[in-house]
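Breakdown of the fold
Below are the chains, spelled out letter by letter.
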Amino acid sequence: LGALSVDTRQNQKQFTQADIGPLSTLADYAAIAIYNARLFAAVQVALITDGLTGLYNRRHLMALAEQEYQRARRFGRPLSALMIDLDHFKVVNDTYGHATGDQVLSEIARRLKSGVRTIDILGRYGGEEFVLFLPETALPGAGLLGNRLRQGMASTPVLSIAGALTITMSIGVATTSPDLPDVATLVARADAALYAAKQAGRNRLAAYGLPIN
């Protein structure tokens, strides 16, 4: 729905019927151009976002993370990564069905997004895994945020079509260091920490290179 405003430089008080044809053609061309622009924008968004959660998809997430990693290395600033995995999520799908599982994933994504800064980079890494990159954040700050997100998730059940479900998550944290060769290694270290958190009993946070509390 749009409006086309046309004016004349002549001392003409009103447009005539003969003017309507060209103006209608102009309006049609404008409408087509706007439609194509909106369609292009929608396609661009679809290319970089996950269809279920609305977060960045893995490919775009890593592209943004690479840019942030290069900036952090250039200026000697910290960059942390959180690998987040929902505990026993397969049980949710197997017990309540994939429709409930999708609803839970969508709500978890919404909560995560609402709990981070606008400069942070959050995306769905795959399945029930999310990755969060925190620019200008060293390990202590990343750990504090991770535990706040984890504790908030565990204390507030997710309302779904199957009822209220208590969802917990395990988190692995890693931060850039002088020996870090690339952003993929940063993610791998966060993933290793996540594995340690799960091995220690789940619903906890572990930091790469540090013992679990």
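This report concerns the structure included in the present document.

For the rest of this paragraph, the subject is the overall build of the protein. Within the protein, the secondary structure is distributed over six helices and seven strands. The order of helices and strands in the protein, counted from the N terminus, is α-α-β-α-α-β-β-α-β-β-β-α-β. Since a compact globule built from 213 residues should have a radius of gyration of about 17 Å, the 24 Å found for the protein marks it as more spread out than a globular shape. Each of the three principal axes of the protein carries a C-alpha extent, and together these read 85 × 50 × 25 Å. Taken across its 213 residues, the protein has 37% of its residues classed as buried. In the protein, once contacts between residues fewer than 6 apart in sequence are set aside, the share between residues at least 24 apart is 64%. Once the 21 positive and 18 negative side-chain charges of the protein are each reduced to a mean point, those two points are 4 Å apart.

Here the structure, examined in full by the defined rule, presents eleven salt bridges. In this structure, the salt-bridge partner of Asp-50 is Arg-124, at a minimum N-O distance of 3.2 Å. Here Arg-124 lies in strand 2 (residues 121-126) and Asp-50 lies in the loop between helix 1 (17-48) and helix 2 (58-75), a separation of 74 residues in the sequence. For Asp-50, a relative accessible area of 16% translates into the label buried.

Let's shift gears to a nonpolar patch on the surface. Taken together, Leu-4, Val-6, Phe-15 and Leu-26 make up a surface patch of nonpolar side chains, about 330 Å² in accessible area. Structurally, Leu-26 is set in helix 1.

Conventions we followed
- Residues numbered from 1 in each chain as written.
- Predicted model: local features only at pLDDT ≥ 70, side-chain atom pairs only at ≥ 80, totals over all residues.
- Heavy atoms only, no water.
- Helix = DSSP H or I, 4+ residues; strand = E, 2+ residues; numbered from the N terminus.
- Rg over C-alpha atoms; globule rule 2.2 N^0.38 Å.
- Buried < 20%, exposed > 50% of the residue type's maximum accessible area, 1.4 Å probe, protein only.
- Contact = heavy atoms within 4.5 Å.
- Lys, Arg positive; Asp, Glu negative; His and termini not counted.
- Charge placed at Lys NZ, Arg CZ, Asp CG, Glu CD.
- Salt bridge = Lys/Arg side-chain N within 4 Å of Asp/Glu carboxyl O.
- Patch = residues over 30% accessible without salt bridge, like charges linked within 9 Å, V, L, I, M, F, W, Y side chains within 5 Å.
- Areas by Shrake-Rupley, 256 points an atom, 1.4 Å probe, with all protein chains shown as cover.

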